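Spelled out, the chains give:
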Amino acid sequence: SYSGSDLKSLHSNLQNIMNSINPNSMMPDMKRVLEINPSHPLVKTLAGLNEKGAPGLEPFARLLLDHAMIVEGQLKDPTGFAKRLQGLMEKAAIGL
């Protein structure tokens, strides 16, 4: 038996296979759903900072989406991902 997330992943993989076999295929893109674990420590931290009105949270949110897209094999902007990651790493390194 498969869970809902297994089926979504299976569908995503099938779509990738079909597109690699025939890039001009008429297989429609399916709407993706980003599932967020509200109990994950990073999500809790970002939610708390957002509730306090902390600035500068967008790069973190974008990186979460980037990571989800990487897992799906769907990252469309690797240069943007690298720039966002580098920017946050530079800020973190300043605090060391």
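Residues numbered from 1 in each chain as written. Predicted model: local features only at pLDDT ≥ 70, side-chain atom pairs only at ≥ 80, totals over all residues. Heavy atoms only, no water.

Peer 1: Go over the environment of Leu 34 with me, naming the residues and quoting the values.
Peer 2: Tracing the backbone shows Leu 34 in the loop between helix 1 (4-21) and helix 2 (41-51). Relative accessible area serves as the criterion here: at 44%, Leu 34 is assigned to the partly exposed category. In this view, Leu 34 contacts Leu 65 and Ala 68; residues no more than four positions away in its chain are not counted. (Helix = DSSP H or I, 4+ residues; strand = E, 2+ residues; numbered from the N terminus. Buried < 20%, exposed > 50% of the residue type's maximum accessible area, 1.4 Å probe, protein only. Contact = heavy atoms within 4.5 Å.)

Peer 1: Talk me through the confidence of the model for the protein chain; I want residue IDs and the actual numbers.
Peer 2: Per-residue pLDDT for the protein chain has a mean of 80; in total, 76% of the residues score no lower than 70. The secondary-structure element of the protein chain with the lowest mean pLDDT is helix 1, recorded at 61, while helix 2 shows the highest, at 93. Segment residues 1-7: pLDDT under 50, and one contact once partners within four positions in sequence are set aside and those in other chains are kept. (pLDDT = per-residue confidence, 0-100.)

Peer 1: Lay out a nonpolar patch on the surface in plain terms, naming residues and giving numbers.
Peer 2: The grouping of Ile 17, Met 18 and Ile 21 at the surface amounts to a nonpolar patch, some 300 Å² of accessible area in total. With respect to the element layout, Ile 17 can be found in helix 1. What makes Ile 17 partly exposed here is its relative accessible area of 46%. (Patch = residues over 30% accessible without salt bridge, like charges linked within 9 Å, V, L, I, M, F, W, Y side chains within 5 Å. Areas by Shrake-Rupley, 256 points an atom, 1.4 Å probe, with all protein chains shown as cover. Salt bridge = Lys/Arg side-chain N within 4 Å of Asp/Glu carboxyl O.)

Peer 1: Describe the pattern of salt bridges, and please don't skip the residues or the numbers.
Peer 2: Overall, the coordinates contain two salt bridges when judged by the stated rule. Residue Arg 62 pairs with Glu 58 through a salt bridge whose shortest N-O separation is 2.9 Å. Here Arg 62 and its partner Glu 58 are both found in helix 3 (residues 58-72), four residues apart, which amounts to about one turn of the helix. Assessed through its relative accessible area of 42%, Arg 62 is described here as partly exposed. For the salt bridge of Asp 66 with Arg 84, the shortest nitrogen-to-oxygen distance reads 2.8 Å. Highlighted residues: Asp 66 in helix 3 and Arg 84 in helix 4 (residues 78-94), separated in sequence by 18 residues.

Peer 1: Can you explain the packing of helix 3 against helix 4? Please cite residues and give values.
Peer 2: Look at helix 3 against helix 4: their axes get within 10 Å of each other, and the N-to-C directions meet at 135°. By the angle class used here, helix 3 and helix 4 are oblique. Crossing angle aside, the handedness with which helix 3 passes helix 4 is left-handed. From helix 3, Pro 59, Phe 60, Arg 62, Leu 63, Asp 66, His 67 and Ile 70 reach across to helix 4, where they touch Phe 81, Arg 84, Leu 85 and Leu 88. (Axes fitted to C-alpha atoms, helices over the stretch in contact; angles between N-to-C directions. Parallel < 35°, antiparallel > 145°, perpendicular 65-115°, else oblique. Left-handed = near helix turned anticlockwise from the far one by under 90°.)

Peer 1: Any details on the environment of Met 69? Residues and values, ideally.
Peer 2: By secondary structure assignment, the location of Met 69 is in helix 3. For the pair Met 69 and Leu 34, spaced 35 residues apart in sequence, the C-alpha to C-alpha distance is 9.3 Å. With residues up to four places along the chain from it excluded, the contact list for Met 69 reads Gln 74 and Leu 75.

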